Amino acid sequence: MGVSEVLHFSEDPGITRFEPHVPPTNPSMPPLVWAIDAAHAGLYWFPRDCPRITYWSADEAPPDRLGPTAAHRVHAIEARWLDRVRACQLHEYRFDGAPFEAWAEAEGQWVASESVEPISVEPVGDLLARHVDAGIELRIVPSLQVLVDPVMASGYQFSMVRMANAQG
């Protein structure tokens with residue numbers, strides 16, 4: 001099953017064509033263009049290199065086994081990244097979903113094996129406000145390392161991005 005549109009987020013507002021590439025963090029992959037569906041877009045409302053852990057329940061219930069929350073998703077970043085998140089000028093690229101297919105390794109991820117051009121590019125705006133408006137709890141923690149094992153054992157769906165840049 002396809003998707004009508006997919007998104008990509010970048011701090012560079014001037015990309016006119018996305019070429020398939022092998023991700024440096026996963027050199028065994030073939031060259032692809034990577035995108036995310038709208039339901040999972042919040043995973044990328046951060047500066048590119050910002051380490052983060054995000055988790056959520058499959059049924060949209062608050063993921064409160066790891067601390068009280070009324071939000072449907074929780075995103076955590078390290079405190080040392082807060083100023084960079086505040087200052088980040090992120091842009092949302094929108095693509096026609098036709099050339100993309102679901103990537104089986106991660107929910108919400110889509111890949112294309114051909115070059116694609118964006119339909120549009122728009123500034124995301126205030127990333128903290130974007131989380132608030134989406135009802136996502138953003139936790140600012142001293143270190144993400146203490147969350148890794150509890151999140152992995154929680155039974156929640158999760159994403160851990162750029163963890164090589166995390167403290168400790």
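Our subject is the structure listed above.
A few points on the structure. Every value quoted in this text rests on a predicted model; they were computed, and no experiment measured them. (Residues numbered from 1 in each chain as written. Predicted model: local features only at pLDDT ≥ 70, side-chain atom pairs only at ≥ 80, totals over all residues. Heavy atoms only, no water.)

## So, the sheet that holds strand S10 (residues 157-161)
Read across the sheet, 4 strands follow the order S9-S4-S3-S10 without closing on themselves; strand pairing throughout is mixed. Each edge of the open sheet is held by one strand with a lone partner, namely strand S9 (136-141) and S10. Strand-to-strand twist of the sheet, defined as the mean angle between neighbouring strand axes without regard to direction, takes the value 15°. Two strands pair when backbone bridges link them, and strand S4 (residues 73-78) and S9 are joined in this way by 6 bridges, in the parallel orientation. For Arg-73, the partnering residue across the bridge sits in S9 and is Ile-136. Taken strand by strand, helix H3 (residues 145-153) contacts strand S3 (52-56), S4 and S10, and its axis lies near 150° from that of S10. (Pairing = 2+ DSSP bridges. Helix = DSSP H or I, 4+ residues; strand = E, 2+ residues; numbered from the N terminus. Axes fitted to C-alpha atoms, helices over the stretch in contact; angles between N-to-C directions. Contact = heavy atoms within 4.5 Å.)

## Comments concerning the pairing of strand S7 (residues 109-112)
Burial of S7 is two-sided: the residues Gln-109 and Val-111 facing one way and the residues Trp-110 and Ala-112 facing the other way are all buried. Judged from the 4 bridges that link them, strand S2 (residues 33-36) and S7 form a sheet pairing that is antiparallel. Note that in S7 the partner of Ile-36 across the bridge is Gln-109. Across 2 bridges, strand S6 (residues 101-102) lies against S7 in antiparallel orientation. Paired with Ala-102 across the bridge in S7 is Trp-110. Counted along the chain from S6 to the antiparallel partner S7, the turn is 6 residues long, and its residue Gly-108 has a positive phi close to 90°. (Buried < 20%, exposed > 50% of the residue type's maximum accessible area, 1.4 Å probe, protein only.)

## Overview of the pattern of salt bridges
Pairing is possible between side chains that carry opposite charge, provided their charged atoms lie close to one another. In this structure the tally under the stated criterion is 9 salt bridges. A salt bridge links Arg-17 to Glu-117; the shortest N-O distance between them is 2.7 Å. Here Glu-117 lies in the loop between S7 and strand S8 (120-123) and Arg-17 lies in the loop between strand S1 (5-10) and S2, a separation of 100 residues in the sequence. Under the relative-accessibility criterion, Glu-117 is labelled exposed at 52%. One salt bridge connects Asp-83 with Arg-86, and the closest N-O pair in it is separated by 3.4 Å. Highlighted residues: Asp-83 and Arg-86, both in helix H1 (residues 82-87), separated by 3 residues, approximately one helical turn. The same class applies to Asp-83 and to Arg-86, which are both exposed. (Salt bridge = Lys/Arg side-chain N within 4 Å of Asp/Glu carboxyl O.)

## Thoughts on the nonpolar core
Counting residues in hydrophobic clusters, the biggest one holds 17 residues, and the most contacted among them are Phe-9, Trp-45, Cys-50, Val-85, Leu-90, Val-124 and Leu-127. In contact with Cys-50, not counting residues within four places along its chain, are Ile-77, Trp-81, Val-85, Val-161 and Arg-162. (Core = buried A, V, L, I, M, F, W, Y, C linked by side-chain atoms within 4.5 Å.)

## Some thoughts on H3
Burial in H3 covers these residues: Leu-147, Val-148 and Val-151. Seen from one end, H3 has its buried residues packed into an arc of 115°, which puts them on one side. Seen from the buried face of H3, the exposed residues on the opposite side, beyond 90 degrees, are Val-146, Asp-149 and Ala-153. Looking at the packing, one finds that the buried side of H3 touches S3, S4 and S10. At the exit of H3 stands Gly-155, carrying a positive phi of roughly 85°. (Arc of directions from axis to C-beta.)

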